[in-house]
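# Descriptive analysis of the structure
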Amino acid sequence: MFLETYRQIEEALRACTGEEAVELMDGGEHADFATTIAFSLAKKQRKSPMAIATDLAVRLGESLADAGITVETKGPYINFHVSAAYVEEAVREALKPGYGELPARTERVVLEHTSANPNGPLHVGHIRNSIIGDTLARCFRKAGYPLEVEYYVNDMGRQIAIVSWGFDHVPKERLDGEKEDHHIARVYIAANREIEKDPAITGEVDRLMQLIEKGDPATQKKFREVVSHCLEGFKVTMGNLNVVHDRFVWESDFVRNGDMDRVIERIERLPEAKHEGTLSVDLTECGFEKDYVIRRSDGTSVYAARDLAFHTWKGRNFDRVIDVLGADHKLIASQLQCTLKLLGEKAPEIIIFEFVSLPEGSMSTRAGKFISADELVAEVTNKAFAEVSERRPELPQEKREEIARAVAVAAIRYDIVKISPEKSTVFDWKEALNFERQSGPYIQYSHARACSILEKAGAFDEAFTYTDEHEVALAKQIARFPAVVDQVVRELRPHLLATYARDLADQFNSFYRYVPVLKSEGETRASRLTLVKAAQNTLKESLETLGIDAISTM
RNA sequence: GGGCCUGUGGCUUAGCCAGGACAUAGCGCCGGGCUUCUAACCCGGAUGCCGGGGGUUCGAAUCCCCCCAGGCCCGCCA
């Protein structure tokens, strides 16, 4: 409803002004929509903005009358107001299961996120990647795109060689109840300590890397075991956070199937290729001073070569390629994009998120300086269980545990996704354990309140008469949801959905406070119950698109 | 030294790409609200030279330039 109305007004504006860019915006407290186009027209037409606005408003009013949109001016501002029919239609649409879904698209999208090195558990920085990526994935599905979500498994890196070396040379027994990825971290950290003590070990690690590149079966088997072991742990962590991947793509597969050699051959033939012992690409055209190295002088490939093969494959199998990457990948991601363009391949769209650090400094798996996602989930779940036990002591323990898990995921996911990716953050336990306003649980709570009203109401006939300002404001907020989904996938900014869901919960809570539902009667009661149902459904769909369980009681 | 990102009340943050009507909200602080649909809630109050300085514009948190501060990166690592 919102999108349709927005487009109707845009079109009327274009028709009435002859301008392409019509500057239609949210009217804030003044109106439902507004435009300041009179200012820019004033210069061209050498008339006062107010005179232009007044004149335009009359013509716009005529052309939008059929759509039930009224137009008025306030000085040079032109304001648009929607009708009661808009409000009614908005509520009607929001009652439908799956509300917010956009028409199906045919453009195939591949989205890569998380892809952390399997040398230790996912920490609070990695899951920023997972949560941004997974939320975006849910938005793409909601927006009607066929989507595949991939985890790129770096199984040929130096870190894996170190872990592999560690399994042969440092105490490696898995402790009782220790998760696989935490086990790997312990071995990795211990191996690094050995390397610090005795730099000669580096040579042994180098040899492992040469063996893996050559395809030595024993080394391959060992690397694969180590990596699979770690991934088992990752899958549990991500599962606990409602993060889902469709496919795990292994880096080494591109070496084995020949894709990497093929892309290297093509690079060798590029005019920008440089053969100076190493094989590298001159990227000055894209503004990079340093060459992009593809193959070492000893003939082995670097990460970039496999990455180029991987992205060539993605580009040929999908219409849109999106990667979610940490800020440390900014440069190499640009180099990758540039090289793919030189090769005539599709370059990925890249979403960069800035780093999460600890109050005492940056995180480091190697140094064992990190807060694991598992620890975070456990702590937040404990706090949530304590809260729910205090509020709802009558519930059976199992139910309280179930609610605590859902609340914990909501708190963690929302806390991360609500911040713009380009802000670097410092992890804060106090914030992580806060379930008050501007939190995931706050939105879940609004949903639970709506569910509670509906449960107590029993059956009712739908009705659509809204006069109270809180009713109308809530309905208008409900109407925006599909437009927000559309905006998220267009701009690749999932935090917009977080902001929207919070505003929706705010509107619902105001409505809840001022507008009695169960105590009202007749048509009014029916209309309000219908609105509560629409709000409940919209809250549910918003929460689920954020990867948060829309629980009905808490 | 160079590149990218960030700087908004005591703290966290929206708005910035597509410049307009009194800069968004939360935490904390002060005060109020549970015999009334779940108080993980709601209402009121105090707190801002939107990092600093120039410029463009009728109009700048938003665009341009310079400076300062913080983060990330600049490897035949990944």
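Residues numbered from 1 in each chain as written. Chains lettered and ligands numbered in written order. Predicted model: local features only at pLDDT ≥ 70, side-chain atom pairs only at ≥ 80, totals over all residues. Heavy atoms only, no water.

### Side note on the pattern of salt bridges
Put simply, the rule is: We define a salt bridge as a contact between a side-chain nitrogen of Lys or Arg and a carboxyl oxygen of Asp or Glu at a distance within 4 Å. Exposure categories follow from relative accessible area, calculated using a 1.4 Å probe and restricted to protein chains: below 20% of the type maximum is buried, above 50% is exposed, and the middle band is partly exposed. Only runs of H or I of at least four residues qualify as helices and only runs of E of at least two qualify as strands under DSSP, and these elements are numbered from the N terminus.
For the structure shown, the criterion picks out 45 salt bridges. A salt bridge links R14 to E20, with the nearest nitrogen and oxygen atoms 3.5 Å apart. Classification of R14 by relative accessible area gives partly exposed; the value is 29%. One salt bridge in this structure joins D374 and K179, with 2.8 Å as the shortest N-O distance. A residue pair is termed long-range when its members are at least 10 positions apart, and D374 in helix α14 (residues 373-391) and K179 in the loop between α6 (158-169) and α7 (180-197) qualify at 195 residues.

### What to know about the protein's contact with RNA strand B
Worth spelling out the cut-off: Proximity is defined per residue: any heavy atom of the residue falling within 4 Å of a molecule or strand makes that residue near it. Polar contact criterion, stated in full: a pair of N or O atoms within 3.5 Å, where within protein one must be able to donate a hydrogen and the other to accept it, and residues adjacent in sequence count only if both atoms are side-chain atoms. Just so you know the grouping, Ala, Val, Leu, Ile, Met, Phe, Trp, Tyr, Cys and Pro go in nonpolar, Asp, Glu, Lys and Arg go in charged, and all remaining residues, Gly too, go in polar.
Around RNA strand B sit 67 residues in total, of which E29, Y77, R391, Y445 and Y512 are the nearest. Counting only the atoms of RNA strand B within 4 Å of the protein, the fraction contributed by sugar and phosphate is 65%. Here a phosphate oxygen of RNA strand B and a side-chain polar atom of K423 are 2.8 Å apart. V517 is positioned such that a nitrogen or oxygen atom in its backbone is 3.2 Å from a base nitrogen of RNA strand B. Taken together, the elements giving at least two residues each to the surface near RNA strand B come down to α2 (37-45), β4 (77-81), α12 (303-317), α13 (330-342), α14, α17 (440-457) and α19 (495-514). If you tally residues by element for the surface near RNA strand B, the top one is α17, at 8 residues. Class assignment for the residues of the surface near RNA strand B results in 26 nonpolar, 18 polar and 23 charged.

### A closer look at the sheet that holds strand β9 (residues 278-281)
For clarity, the cut-off: One requirement defines pairing of two strands: DSSP has to find at least two bridges between them. Each axis is a line fitted through C-alpha atoms, taken for helices only over the stretch in contact, and angles between the N-to-C directions span 0 to 180 degrees. Throughout, a contact is declared for two residues whenever any of their heavy atoms are within 4.5 Å.
With antiparallel pairing, 3 strands are arranged side by side in an open sheet as β8-β9-β10. Where the open sheet ends on each side, the last strands, each with one partner, are β8 (273-276) and β10 (292-295). Within this sheet the neighbouring strands show an average axis-to-axis angle of 30°, counted without direction. By the bridge criterion, 4 bridges tie β8 to β9 in an arrangement that is antiparallel. Within the sheet, the bridge partner assigned to A273 lies in β9 and is V281. The strands touched by α13 within the sheet are β9 and β10, with β10 carrying the most contacts at an inclination of about 70°.

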